[in-house]
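# Close look at the chain arrangement
Take a look at the letters that make up each chain.
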Amino acid sequence: MTAISLKNLDISYGPTKVVEAASFDVAEGESFALVGESGSGKSTILKAIAGLAPDWTGEITVLGQPRGHSVDHGFASRCQMVFQDPYGSLHPRKSVDRVLSEPLKIHGISNRDARVEDMLAAVGLDRRFRFRYPHQLSGGQRQRVAIARALMLEPKVMLLDEPTSALDVSVQAEILNLLKKLRREQGLTYLMVTHNLPVVSFMCDRMAVMHKGRIVEIAPASALHDGRFQDPYTQSLYAASGGNPDRKD
Amino acid sequence: MSQSPLLELENLRVSFPTPKGRVEVVKGLSFTLGRERLGIVGESGSGKSMTGRAILRLVRRPGQQDADKMTFDGIDLRRLSERRMRDLRGARISMIMQDPKFSLNPVMTIGEQIAEALRTHERLARRDVQARVLQMLEAVRINDPKRVMALYPHEVSGGMGQRIMIAMMLIPRPDLLIADEPTSALDVSVQAQVLDLIDELVRDKGMGLILISHDLNLVARYCDHILVMHAGQVVESCAASELHNATHPYTRGLLAAVPRMEETREELPVLDRSAWSGT
Ligand SMILES: Nc1ncnc2c1ncn2[C@@H]1O[C@H](COP(=O)(O)OP(=O)(O)OP(=O)(O)O)[C@@H](O)[C@H]1O
Ligand SMILES: Nc1ncnc2c1ncn2[C@@H]1O[C@H](COP(=O)(O)OP(=O)(O)OP(=O)(O)O)[C@@H](O)[C@H]1O
Ligand SMILES: [Mg+2]
Ligand SMILES: [Mg+2]
């Protein structure tokens, strides 16, 4: 089954159309990357799928169900989003403990205490952080709380917007290993925005490349090894990222 | 331009109260900065941002900071009145905060905010202000800057927010720029263009730069000297060109954890946090 299917998706903010004719399918259990220029509409696509960018036309299907134009609460237990900006996405007056246990409470899940402890450990946060508030955490610590929150409900599909760009490489490695393990063990599907091509190489099977609101290319992640990209924008991005464009062997 | 160092820091300490008493998150940091580029790297939570904030005396209560020496261009920052400190911030020392959107005013357009940053520093005619703002947004590679000037902070993308913050901090032409993860949301090509712009100001205008980042390749490329921090302390200090020959197990661990373009490892090596002593 396809986990996420976009057909001819246009997304606007007021009079400005920021995404045009986006189409792609992500298979269940696949890890799919969305890369490309800053401001090209990557976050906007994730927001539309999550129901947070209501002004769109075209088709969005998640796990076989067509999406409406608003937030759907049953949807949250199947699909979760990690936002690009960990500062804005955590409520300033909720402790880490509350942020993590609330979704469990809402969905009537028991054994909350142990689950919160386990999840903190999984994202590499010491238990002393459990009763802190966001302003008492560093940037990377906040981002790990945001990732932990998204994982609490054991969703099937994760929309990840630059999940590790605020993290130092050692914590990034821990989070990426964790995401990979969850995918392997629970068959999770990832749609992940990142500007870091080596992260795509490590984490993803395929990638869509965006430029000025359009998807200009969909390529297998193996293209990062051999430089086989078609589109000129992708080629320049690859070369600038330290890829060797002459490696087509 | 004076020959004395731009910034001298000796035994900087930042602490927070916890249920178990005060805990230091910066434990005796010292360095001297000329009109050059210093990189600070290190693990999440190691005290990088707190070091930057402490230089501007912006550690929020109940946090406390303290140093044996903290001198900027001959001025003892520890003894400066809050009012004079405020005049210094933004004009002579600027900091690009790690949380750009959080630091922007949500009810003011991007154009108005950058114009305000410029006006606090220089007296200019309205038309000249507009021109300078536009020019600055172009310099940080914002597409369609006229449109973006009219947007509010929640209407710009993550990477645009970072570049707007950079524009705002550079426009008053500070003597010292503290940049905390300034380009973490940008792809490498835009990142390089923005860092080249900062570099130009270091070279041509003699600006000092403290670049805080978790990207080892980036600091190796854009800095002269590098401090590696771990748990509030500097564990390694080296010339940028020597970073890849770093010897401390912590630094080596960080280097190994970076994913590669032609990645084939099934799992990335993580740091064994018990492998080095002293923490
Ligand atoms: N609420 C909004 N109102 C108006 N325009 C918006 C709004 N949110 C985003 N935009 C515009 O939509 C475009 C795409 O933004 P988006 O956040 O999707 O970019 P992105 O590809 O995620 O970029 P980045 O890599 O910098 O995060 C940008 O030009 C932005 O200014
Ligand atoms: N208000 C507070 N109360 C208690 N501890 C705090 C508070 N604010 C920050 N800290 C702690 O201080 C330490 C240093 O934080 P700092 O923000 O300097 O980290 P950093 O090196 O910038 O990390 P990152 O790379 O994740 O941004 C962290 O462990 C953080 O949890
Ligand atoms: Mg984005
Ligand atoms: Mg920080």
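For the structure, check the block above.
Residues numbered from 1 in each chain as written. Chains lettered and ligands numbered in written order. Predicted model: local features only at pLDDT ≥ 70, side-chain atom pairs only at ≥ 80, totals over all residues. Heavy atoms only, no water.

## What about the pattern of salt bridges?
So the rule is basically this: A side-chain nitrogen of Lys or Arg and a carboxyl oxygen of Asp or Glu constitute a salt bridge if their distance falls within 4 Å. Each helix is a run of DSSP H or I of at least 4 residues and each strand a run of E of at least 2, with the numbering of both proceeding from the N terminus. Relative accessibility thresholds used throughout: buried, under 20% of the residue-type maximum; exposed, over 50%; partly exposed, between the two (1.4 Å probe, protein chains only).
For the coordinates displayed, the defined rule picks out 29 salt bridges over all chains. Residue E20 of chain A is joined to R214 of chain A by a salt bridge in which the shortest nitrogen-to-oxygen separation is 3.1 Å. Of this pair, E20 of chain A sits in strand β2 (residues 16–27) while R214 of chain A is found in strand β10 (residues 214–220), placing the two residues 194 residues apart along the sequence. Its relative accessible area of 39% is what places R214 of chain A among the partly exposed residues. Residue E266 of chain B is joined to R184 of chain A by a salt bridge in which the shortest nitrogen-to-oxygen separation is 3.5 Å. Taken together, the residues E266 of chain B in the segment after α10 (249–256) and R184 of chain A in helix α6 (residues 169–186) connect one chain to another. Owing to a relative accessible area of 49%, E266 of chain B belongs among the partly exposed residues under this scheme. Several salt bridges converge on common partners, so that one network encompasses D97, D113, E117, R127 and R130 of chain A.

## Observations concerning the site of ligand 2
Defined as follows: Residues are classed as near a molecule or strand on a simple rule: at least one heavy atom within 4 Å of it. In protein, a polar contact means a hydrogen-donor-capable atom and an acceptor-capable atom, both N or O and within 3.5 Å, with residues adjacent in sequence counting only if both atoms are side-chain atoms; elsewhere, any N or O pair within 3.5 Å suffices. All accessibility values rest on the Shrake-Rupley procedure with a 1.4 Å probe; residue burial counts only the protein chains present in the view. Just so you know the grouping, Ala, Val, Leu, Ile, Met, Phe, Trp, Tyr, Cys and Pro go in nonpolar, Asp, Glu, Lys and Arg go in charged, and all remaining residues, Gly too, go in polar.
What surrounds ligand 2 is a group of 20 residues, the closest being S138 and G140 of chain A together with S44, G45 and S49 of chain B. Residues near ligand 2 are shared among chains A and B, making this a multi-chain site. One of the side-chain N or O atoms of S44 of chain B is found 2.7 Å from an oxygen atom in ligand 2. In the complex, the protein chains occlude 94% of the 650 Å² of accessible area that ligand 2 would expose alone. Residue assignment for the shell around ligand 2 shows that the elements contributing at least two residues are α5 (139–152) of chain A together with α1 (48–55) of chain B. By residue class, the composition of the shell around ligand 2 is five nonpolar, 12 polar and three charged.

## Description of the coordination of the magnesium ion (ligand 4)
Residues and elements named next belong to chain B. Using the following cut-off: Any N, O or S atom lying within 2.8 Å of the metal counts as a donor, with the limit raised to 3.2 Å for Na, K and Ca; because water is left out of the atom set, some sites can appear incomplete.
Around the magnesium ion (ligand 4), the protein contributes the donor atoms S49 (OG) and Q98 (OE1), at 2.0 to 2.3 Å from the metal centre. You can see S49 sitting in helix α1 and its partner Q98 sitting in the loop between β7 (93–96) and α3 (100–103), a full 49 residues away along the chain. Residue Q98 is classed as buried on the basis of its relative accessible area of 15%.

## Here's the deal with the interface of chain B and chain A
This is how the line gets drawn: Two residues qualify as a contact provided that any one of their heavy atoms is within 4.5 Å of a heavy atom in the partner residue. Joining two parts hides part of their accessible area as seen by a 1.4 Å probe, and the buried area is that hidden amount summed over both.
Contact residues are listed per partner, giving 40 residues for chain B and 45 residues for chain A. Together, the buried faces of chain B and chain A total about 3,400 Å²; carbon and sulfur atoms form 56% of this surface. With its nearest N and O atoms 3.9 Å apart, the salt bridge here joins E266 of chain B to K180 of chain A. The tally of links between chain B and chain A comes to 14 residue pairs in polar contact (both at pLDDT 80 or more). Among the secondary structure elements, those contributing two or more residues to the side of chain B that touches chain A are α3, α7 (158–170) and α8 (188–205) of chain B. Within the side of chain B that touches chain A, the residues separate by chemical class into 15 nonpolar, 12 polar and 13 charged.

## With respect to the packing of helix α4 (residues 112–122) of chain A against α5 of chain A
All names here are of chain A. How we decide: Axis definition: a line fit to C-alpha positions, over the contact stretch in the case of helices; interaxial angles, taken between N-to-C directions, run 0 to 180 degrees. Angle categories: roughly parallel below 35 degrees, roughly antiparallel above 145, roughly perpendicular from 65 to 115, and oblique for all the rest. Definitions for this section: a left-handed crossing has its near helix turned counterclockwise from the far helix by less than a right angle. A right-handed crossing has that turn clockwise.
As a packed pair, α4 and α5 sit with axes 10 Å apart at the nearest point and diverge in direction by 135°. Classified by the angle between their axes, α4 and α5 sit oblique to one another. In the packing of α4 onto α5, the handedness of the crossing is right-handed. Across from R115, V116 and M119 in α4, the residues of α5 making contact are A148, L151 and M152. Looking at the contact of α4 with α5 residue by residue, the classes come out as five nonpolar, no polar and one charged.

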